[in-house]
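Commentary on secondary and tertiary structure
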Amino acid sequence: PASPTPADAAGGAVEKPTAAPYGSWRSPITADIVSGADKRLGGIALARDGRLLWIEGRPEEKGRMVIVKEGDKPVDVIPQEFAARTLVQEYGGGAFAVQDNTVVFSNYKDQRLYKQPTEIGSLPVPLTPDYGAPDVSYAGGVFDPHFSRYVTVMEDRRTSNLNPATTIACINLSGGDIHEPKVLVSGNDFYASPRIDQNKKRMAWIEWGHPNMPWDKSELWVGYFSESGELTKRVCVAGGNPMLVESLAEPKWSPKGELFFITDRESGFWNIYKWVEHSNEVVPAYTLDAEFTRPLWVFGNRSYDFLGNSNHIVLTYRQRGTSYLGVLDCDSGLVSLLDTPFSDLSNVVAGNDYFYIEGASASVPMSIAKVTLDKNKTKAISFSIVWSSSPDVVQYRPFFSTPEFIEFPTSSPGQMAYAYFYPPLNPMFQGLPDEKPPLLVKTHGGPTAETCEILDLSVQYWTSRGWAFLDVNYGGSTGYGREYRERLLGKWGIVDVDDCCSCARFLVESGSVDEQRLCITGRSAGGYTTLASLAFRDTFKAGASLYGIGDLSLMRADSQKYDSHYIDNLVGDERAYYERSPINFVNKFTCPVILFQGLDDKVVPPNQARKIYQALKERGLPVALVEYEGEQHGFRKAENIKFTLEQQMVFFARLVGKFEVVDDITPIKIENFD
């Protein structure tokens, strides 16, 4: 049949769907559309004129991160030869800040900080020295109004790439000279979120040290500046009590000069608290069994903000797989919930009676919306989308499968886990009457992360061709509190694997999917869960690993400073490292595997994929390896995103599918099969 048009699908007299084998359906959501669709977001900020600035990553420009300003038509702020992306902790984030009409940003190529007016046509001026190589990076910075300087986290890799020095430093903004950054705070392993009170000369920040990750245990400090701008007195506000384990995040000074922040003390859920300075005590501003922030993998998380000079906070939180948006009146302690079309919300920046919010839903791609409030700040009176990661996708809406939030029993009695199940959907087709669909299980990366109910064309690519798709929040995922997150401590490769297998079996038992065609895919840490599921269980019939970890010991040896102890916490002792590394048990693999790897990946180096490939090839199992020049940890080039998706599809179709893929895809050679 000719490729269907969405108009046909959405029109009144739609023809009866054609019965065809699951997986063989023709879909207008092609790999080209998927790979070109998704611009990524890298942060948002407000300029003095109330206009929004954001960073967008463009697949068609090889993933270049561009600062853009809102206008009648959005305009690029930085010139073509610049890109706003920092490499602090490898994962980056927090690559720019705006004050009045000046933007300071990290330039990707040389990692130096540059300053530039937000007016179009102005040129960036370097603020930090050229060290001859991109060895010093900056992230999460803010303007210091008291001393005309920029205060930022600085990572210096000049003496050691594996153990760089991380500090909080300041860079002079007055005059045209380039100054050596001056260190304000040092001595701990990691720092984040330096935040300066606009009223008084003081700064709050988060710090933590090995072996903790920031979500395990961290501290919140406040330091007071002398007249010359040095930090003199310091106070540990939270996290210093050895009897109280807490994870701190997102300190912010209110317009009145009160310090707000997020901690998971007592309940194990990240909630908003406030510091009472005169008694040095911490009091809750709003508590709920819900998560008011996300894990600090990247800098620049902004889960709440103050509305102008008022005592109102616009906030977001996640509870049982859904995001909520509200306004907290700090005087009454009451929250007014706001209705939006988004079911997943992330960063927010606020003006006086309006704010901008990043969000998405099962039918709305990642977007930024402007929300205007009534005079009481309790109701939204207007909602408009100012930016969309893929504005053209709306035409494919009839082909979108809506996920069902499922709670399923795990192998631990009484312990439930969570997932989103996307049934196959295409208005032009239906499955054969005696057939159940193949299932692709996705294991998210992290593993301390959460998969959310957002429109992802790379999911709809599968469902619109007749696949069922399952996105699992296995034990260890965020969004469900500390206790759920800590199910994975010492159990990585066990709990995550069990939960993914349990959920697939749960769907088989409910009659939703075909037991003989269960496949699994994952990237990075999710690639590890995929490989471990294939090595240590017999639930799945084929798998795809995207830059996945095959050898935990190699991963530990190669890991960056930021997560160098992370894996120890998740795995345990040497014996566990050996016993949970799929590479040591290639004799237990019984099904086909396809591997994809970026050759510039420093987080999971290429030798991991090559070792698995070589071992499976020698074992006689069908296996394929795709390597990409110039790609790092996560593929950013449109042609590679497309190739990865198509080759997974055709690999599964040929090896477990029992169907022909209608798309014109030339399959790569599969060892021990072709």
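Treat the numbers as computed from the prediction; the structure is a model and nothing was measured.

Comments concerning the packing of aromatic side chains
- For the coordinates displayed, the defined rule picks out 42 aromatic pairs.
- Look at F292 and Y317: their rings are 4.9 Å apart centre to centre, the planes differ by 35°, and that puts the pair in the tilted class. In this pair, F292 is assigned in the loop between β21 (281–286) and β22 (304–306) and Y317 in strand β23 (residues 312–319), connecting sequence segments 25 residues apart. Each member of the pair, F292 together with Y317, is buried.
- Note on W297 and Y562: the rings are 5.9 Å apart at their centroids and 65° apart in plane angle, and the pair reads as edge-to-face. Pair noted here: W297 is in the loop between β21 and β22 and Y562 is in the loop between α7 (552–558) and α8 (566–571), with a separation of 265 residues, a long-range link.

A closer look at the UniProt feature "domain: Peptidase S9 prolyl oligopeptidase catalytic" (unreviewed entry) in the protein
- Summarizing the sequence annotation, UniProt attributes the feature "domain: Peptidase S9 prolyl oligopeptidase catalytic" (unreviewed entry) to residues 457–657 in the numbering used throughout.
- Along residues 457–657 the backbone is 45% helical and 14% strand, and the end-to-end C-alpha distance reaches 21 Å.

Remarks on the sheet that holds strand β6 (residues 96–99)
- An order of β6-β7-β8-β9 is seen for the 4 strands of this open sheet, with the pairing classed as antiparallel. Strands at the two margins of the open sheet, each flanked by one partner only, are β6 and β9 (125–126).
- As paired elements, β6 and strand β7 (residues 102–106) share 4 bridges and run antiparallel to each other. Within β7, the position partnered with A97 by the bridge is V104.

Side note on the side chain of T316
- Position of T316 relative to the elements: it lies in strand β23.
- Overall, the relative accessible area of 4% leaves T316 in the buried class.
- Beyond its immediate sequence surroundings of up to four residues, T316 is in contact with E291, F292, S303, Y324, L325, L345, S346 and I357.

Notes on the nonpolar core
- Ranked by size, the top nonpolar core spans 111 residues in total, and within it L439, L470 and W492 carry the most contacts.
- In terms of residue count, helix α5 (residues 495–509) provides more of this core than any other element does, 8 residues in total.
- Beyond its immediate stretch of four places on either side in the chain, L439 contacts F421, W467, A468, F469, L470, A504, L507, V513, R517, L518 and C519.
- In terms of nonpolar packing, the next biggest core, distinct from the first, is built from 40 residues, L455, V626, V650 and A653 among them.

With respect to the domain arrangement of the protein
- In terms of domain boundaries, the protein breaks down into domain 1 (52–300), domain 2 (302–391) and domain 3 (405–656).
- A straight line from the C-alpha centre of domain 1 to that of domain 2 covers 22 Å.
- Taken together, the contact between domain 1 and domain 2 spans 25 residues of the former and 27 residues of the latter.
- Carbon and sulfur atoms make up 62% of the surface buried where domain 1 meets domain 2, a total of about 2,100 Å² over both sides.
- Where domain 1 meets domain 2, there are 0 salt bridges.
- On inspection of domain 1 and its partner domain 2, the count reaches 11 residue pairs in polar contact (both at pLDDT 80 or more).
- Within the residue set of the side of domain 1 that touches domain 2, elements represented by two or more residues are β3 (52–58), β18 (248–253), β19 (259–263) and β21.
- Across the side of domain 1 that touches domain 2, the residue classes tally to 14 nonpolar, 3 polar and 8 charged.

Some points on the pairing of strand β25 (residues 334–338)
- The pairing of strand β24 (residues 322–329) with β25 spans 5 bridges and is classified as antiparallel. Residue pairing in the sheet places L328 in a bridge with V335 of β25.

Quick word on the pairing of β3
- Here β3 lies mainly inside the structure; 7 of its 7 residues are buried.
- Going residue by residue along β3, you find L52, W54, E56 and R58 tucked away on one face and L53, I55 and G57 tucked away on the opposite face as well.
- Direction of pairing for strand β2 (residues 40–46) relative to β3: antiparallel, over a ladder of 5 bridges. Across the sheet, L46 pairs through a bridge with L52, a residue of β3.
- Turn length for the β2-β3 hairpin, with the two strands adjacent in sequence and antiparallel, is 5 residues, and the turn residue G50 shows positive phi of about 85°.
- Pairing geometry for β3 and strand β4 (residues 64–69), over 6 bridges, is antiparallel. Within β4, the position partnered with W54 by the bridge is V68.
- Linking β3 back to β4 in an antiparallel pair, the connection comprises 5 residues, with K62 at a positive phi of about 60°.

Cut-offs and rules
Residues numbered from 1 in each chain as written. Predicted model: local features only at pLDDT ≥ 70, side-chain atom pairs only at ≥ 80, totals over all residues. Heavy atoms only, no water. Phe/Tyr/Trp six-rings, centres within 6.5 Å; stacked < 30°, edge-to-face > 60°. Helix = DSSP H or I, 4+ residues; strand = E, 2+ residues; numbered from the N terminus. Buried < 20%, exposed > 50% of the residue type's maximum accessible area, 1.4 Å probe, protein only. UniProt positions renumbered as here; feature names shortened; annotations may be inferred. Pairing = 2+ DSSP bridges. Contact = heavy atoms within 4.5 Å. Core = buried A, V, L, I, M, F, W, Y, C linked by side-chain atoms within 4.5 Å. Domains from an automatic or database assignment. Buried area = accessible area lost by both parts, 1.4 Å probe. Salt bridge = Lys/Arg side-chain N within 4 Å of Asp/Glu carboxyl O. Polar contact = N/O pair within 3.5 Å; in protein donor to acceptor, adjacent residues only side chain to side chain. Nonpolar A, V, L, I, M, F, W, Y, C, P; charged D, E, K, R; others polar.

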